[in-house]
Amino acid sequence: MSNPDTTAAEAHPRFAEALRELGLDVEVRRFPEATRTAAEAAAAIGCELGEIVKSLIFEADGVPVLVLVDGSSRVDVERVRAELGAGKVKRAGAELVRETTGYAIGGVPPFGHRTRTRVLADRGLLDHDVVWAAAGTPHTVFPLDPKSLIGHAGGTVVDVREQSK
């Protein structure tokens, strides 16, 4: 495990500004190796895969929506579709993700985005005392209790992860 730097200055400038505006003092950790995937992030931090928050952008009838889910789960697109009452839901492409959030895939934080989107947060995130999410770059993460994280993201708590068969 590498020694990460731990200052808010390590966060993406847009995300650092969002933290300031929210009055949030969180420890942003930067890792020399990428934490782009949930598995990479969990390995670098030394936490369970389920303690990683994936911030995923989907397109619901062409409108971007943010789905927050734990790192060990997959999003059930049909449940997202039903939750939104949408006709068609699919994963957003890299261009729409950057356009909507201002961040690249692998570094999208749960809040501090360029545009306001509807946010669905999977209930499973509440099973943890602390969760880790991207801080705007593929090399940075920050810890927060899940209730605060969902609150700052403006998320609605729903069940949208795939259920194990």
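Heads up: the structure comes first, above all this text.
Anyway, here's the lowdown on the structure attached to this text. Each chain carries its own residue numbering, running from 1 in the direction its sequence is written. For this predicted model, a pLDDT threshold of at least 70 governs which residues receive local features, and a threshold of 80 or more governs which side-chain atom pairs are given and counted, while totals over whole chains, interfaces and linings are taken from all residues. Water and hydrogen atoms were dropped before computing side-chain values, which therefore reflect all heavy atoms in the structure.

### A few points about helix 4 (residues 94–101)
Among the residues making up helix 4, those that are buried are Leu-96, Val-97, Thr-100 and Thr-101. The arc that holds every buried residue of helix 4, seen down its axis, measures 105 degrees, which confines them to one face. Exposed and oriented more than 90 degrees from the buried face of helix 4 are Ala-94 and Glu-95. Residue contacts are defined here by distance: any two heavy atoms, one from each residue, within 4.5 Å place the two residues in contact. To qualify as a helix, a DSSP run of H or I must reach at least 4 residues; to qualify as a strand, a run of E must reach at least 2; elements of each kind are numbered from the N terminus. Against the buried residues of helix 4 lie helix 1 (13–22), strand 2 (53–60) and strand 3 (63–70). Immediately beyond the C-terminal end of helix 4, within one or two residues, lies Gly-102, with a positive phi of roughly 90 degrees. In this scheme, a residue with accessible area under 20% of its type's maximum is buried, one over 50% is exposed, and one in between is partly exposed, where area comes from a 1.4 Å probe on protein chains only. Directions are taken from the helix axis to each C-beta atom, and the arc is the one they span.

### A word on the sheet that holds strand 7 (residues 140–144)
As summarised here, the arrangement of the three strands in space is 1-7-6, forming an open sheet in which the pairing is antiparallel. Each of the sheet's edge strands pairs with one partner strand only, and the pair in question is strand 1 (29–30) and strand 6 (131–134). We call two strands paired when DSSP finds no fewer than two bridges between them. Two elements, strand 1 and strand 7, share two bridges in a ladder whose sense is antiparallel. Bridge pairing in strand 7 places Arg-29 opposite Val-141.

### Let's talk about the sheet that holds strand 4 (residues 89–91)
On the basis of which strands lie adjacent, the open sheet formed by five strands has the order 4-2-3-5-8 and mixed pairing. This sheet does not close on itself; its edge strands, each paired only once, are strand 4 and strand 8 (156–158). Each strand of the sheet is rotated relative to its neighbour by a mean of 35 degrees, with strand direction disregarded. Contacts between helix 3 (residues 77–84) and the sheet are confined to strand 2, strand 3, strand 4, strand 5 (118–122) and strand 8, with strand 5 contributing the most and set at about 130 degrees to the helix. The convention used is that axes are lines fitted to C-alpha atoms, helices contributing only their stretch in contact, and that angles between N-to-C directions extend from 0 to 180 degrees. With respect to the sheet, helix 4 is in contact with strand 2 and strand 3, its orientation differing from that of strand 2 by roughly 105 degrees.

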